[in-house]
Amino acid sequence: TALSVAEFLAGKASAGSDVTVKGWVRTKKDSKGGFSFINIHDGSCFGTLQVVADNKLPNYDSEVTKLTTGCSIEVFGTVVESQGKGQSFEMQAKELQVLGWVEDPATYPIQPKPHTMEFLRENAHLRPRTNIIGAMTRVRNSLAQAIHRFHHQRGFNWIHTPLITASDAEGAGELFRVSTLDLNNLPRTDKGDIDFSQDFFGKEAFLTVSGQLNVESYCLAMSKVYTFGPTFRAENSNTSRHLAEFWMVEPEVAFAKLPENADLAESMLKYICKAVLDERQDDMAFFAQRVDKTCISRLEQIVEQDFERMEYTDAVNILKNSGKSFEYPVEWGVDLQSEHERYLAEEHVGRPIILMNYPKDIKAFYMRLNDDEKTVAAMDVLAPGIGEIIGGSEREERLDVFDARLNAMDLNKDDYWWYRDLRRYGTVPHSGFGLGFERMVAYATGIKNIRDVIPFPRAPKSAEF
Ligand code: 4AD
Ligand code: MG
């Protein structure tokens, strides 16, 4: 039988039985008595399988002793209970076949020693072989699967919203343009330069910044829907919290007002954090030991403690009376900066906060105007250690109020004709939010830079792979 490393270490085959395992060499040590210890990984779990190979193997001198980090091998051998501490089972090899050598071991980038995250980013194609990126990948997967389970169990339909779109869903003007350039027949400007303004089959098109507008159309038919896919933002911000391409989870619920929306966000975060704690104890133990010792307790806090709910207006007063000198001063009406969000979540209440009812002037066109006519029914979820991880709102479902808002914001009604139709035909109150998936992965793992929680980061000056 063939086993993964995870299955092997979990004791799926009993001691004494013969099995096959395939993977990559992380380390190899030769002992004087004519035997070697080879540790192999295959991505299935944090742990590695220790293989003991000795000079009874016909290729021991010719191949086994020449193995280096990164070689791929297939081993057939006997399961033995391990004497060494830290692992329960190891393998005594009966046959070892080298599937792929490492061409030049001295220049192989992924050596079994700590590398800087910058160095690993430059080797994004090989970094999944490291402990940290392997662990991050499994945690990321666990979160993604839990997001789908959460919605599926509650009767949500998963909607595959388009990536190429005509609309600026956030109205923030941070769009990447899509064009149909025929490389053999490039359009030219008068000066002879390539005309990059060429449109998408004759119509202006962009990469989507959010699936929300499209998912609203399905919400006003299917009632409970969500989208989970890549989104793109051309904000040229070189920070550890922003990517040009990131994944977003966006549920949208018909007949739901802001308080229910906040409850849904809290339940979802609790569900997915619990899934990681249950499923990825091996990886989380590593993150707690090597990356951020608070990462497990932060996830436990999300699962166990109720989130604080707070009005924007109250938050501003708390910040003004905090006695702290912030880099950006706070007044009613300003957008909160990450330093403010972190003060509120970390120092003031010490747990996640759902901040609600923001001034309308700092929020998107689609958010529902409150009766005070100064604020909109918006909410952000702020988590200690990271700040905003979720942004959402109740949507403006009243056509006249929506049109007045478009007008006031100098947005063109015709650009939103189909979105306005949703308000003309059977409109209902509805709400939704967006979880920045990489912010969530960073939160769970404690990894500081958002570029290290996505397989191939896209940010200013990084799109090589
Ligand atoms: O607050 P945002 O812009 O909200 C929306 O896009 C809404 N359409 C969501 C909705 O109501 N359906 O973005 C949502 C979240 C943020 O809270 C943040 O976590 C994340 O997406 N985010 C980013 N993550 C990585 N890189 C960026 N450049 C991000 N911009 C936003
Ligand atoms: Mg936001």
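Computed from a predicted structure; not experimentally measured. (Residues numbered from 1 in each chain as written. Chains lettered and ligands numbered in written order. Predicted model: local features only at pLDDT ≥ 70, side-chain atom pairs only at ≥ 80, totals over all residues. Heavy atoms only, no water.)

Looking now at the nonpolar core. Grouped together as the largest cluster of nonpolar side chains are 91 residues, with contacts concentrated most on Phe-8, Ile-38, Leu-269, Phe-287, Leu-435 and Met-440. If one sorts the elements of this core by residue count, helix α5 (residues 258-279) sits on top with 11 residues. Once residues within four sequence positions are removed from consideration, Leu-435 is found in contact with Ile-147, Trp-247, Met-248, Val-249, Met-268, Leu-269, Ile-272, Ile-389, Ile-390 and Met-440. Core analysis: the next-biggest nonpolar cluster, separate from the first, contains 30 residues, Ala-169, Val-330, Val-376 and Leu-422 among them. (Core = buried A, V, L, I, M, F, W, Y, C linked by side-chain atoms within 4.5 Å. Buried < 20%, exposed > 50% of the residue type's maximum accessible area, 1.4 Å probe, protein only. Helix = DSSP H or I, 4+ residues; strand = E, 2+ residues; numbered from the N terminus. Contact = heavy atoms within 4.5 Å.)

Close to ligand 1 lie 24 residues, the nearest being Glu-170, Gln-212, Glu-235, Glu-250 and Glu-388. Gln-212 has a polar side-chain atom sitting 2.7 Å from a nitrogen atom of ligand 1. Contact distances for ligand 1 include 2.8 Å between an oxygen atom and a side-chain N or O atom of Arg-233. For ligand 1, the accessible surface in isolation is 630 Å², of which the surrounding protein chains cover 93%. At 5 residues, the largest contribution of residues to the shell around ligand 1 is made by strand β15 (residues 387-394). Within the shell around ligand 1, the residues separate by chemical class into 8 nonpolar, 8 polar and 8 charged. (Near = heavy atom within 4 Å. Polar contact = N/O pair within 3.5 Å; in protein donor to acceptor, adjacent residues only side chain to side chain. Areas by Shrake-Rupley, 256 points an atom, 1.4 Å probe, with all protein chains shown as cover. Nonpolar A, V, L, I, M, F, W, Y, C, P; charged D, E, K, R; others polar.)

A word on helix α7 (residues 295-304). Every buried residue belonging to α7 is among Cys-295, Arg-298, Leu-299, Gln-301 and Ile-302, and all of these are buried. Seen along its axis, α7 keeps its buried residues to an arc of 155 degrees; they face one direction. At its buried positions, α7 is contacted by α5, α6 (281-290) and α12 (437-445). (Arc of directions from axis to C-beta.)

Interhelical geometry of helix α3 (residues 131-153) versus α12 gives an angle of 125 degrees and a closest axis separation of 10 Å. The angle between α3 and α12 places the two elements in the oblique class. Seen along the crossing, α3 lies across α12 with a hand that is right-handed. Residue-level contacts link Met-136, Val-139, Arg-140, Leu-143, Ala-144 and Ile-147 of α3 to Phe-437, Glu-438, Met-440, Val-441, Ala-444 and Thr-445 of α12. (Axes fitted to C-alpha atoms, helices over the stretch in contact; angles between N-to-C directions. Parallel < 35°, antiparallel > 145°, perpendicular 65-115°, else oblique. Left-handed = near helix turned anticlockwise from the far one by under 90°.)

Where strand β1 (residues 18-31) meets strand β4 (residues 72-81), 7 bridges bridge the pair, whose relative direction is antiparallel. Residue pairing for β4: Thr-20 is matched across the bridge by Phe-76. By the bridge criterion, 10 bridges tie β4 to strand β5 (residues 89-100) in an arrangement that is antiparallel. Each bridged residue has a counterpart across the sheet, and for Glu-81 the counterpart in β5 is Phe-89. (Pairing = 2+ DSSP bridges.)

That's the geometry; what it means functionally is another story.
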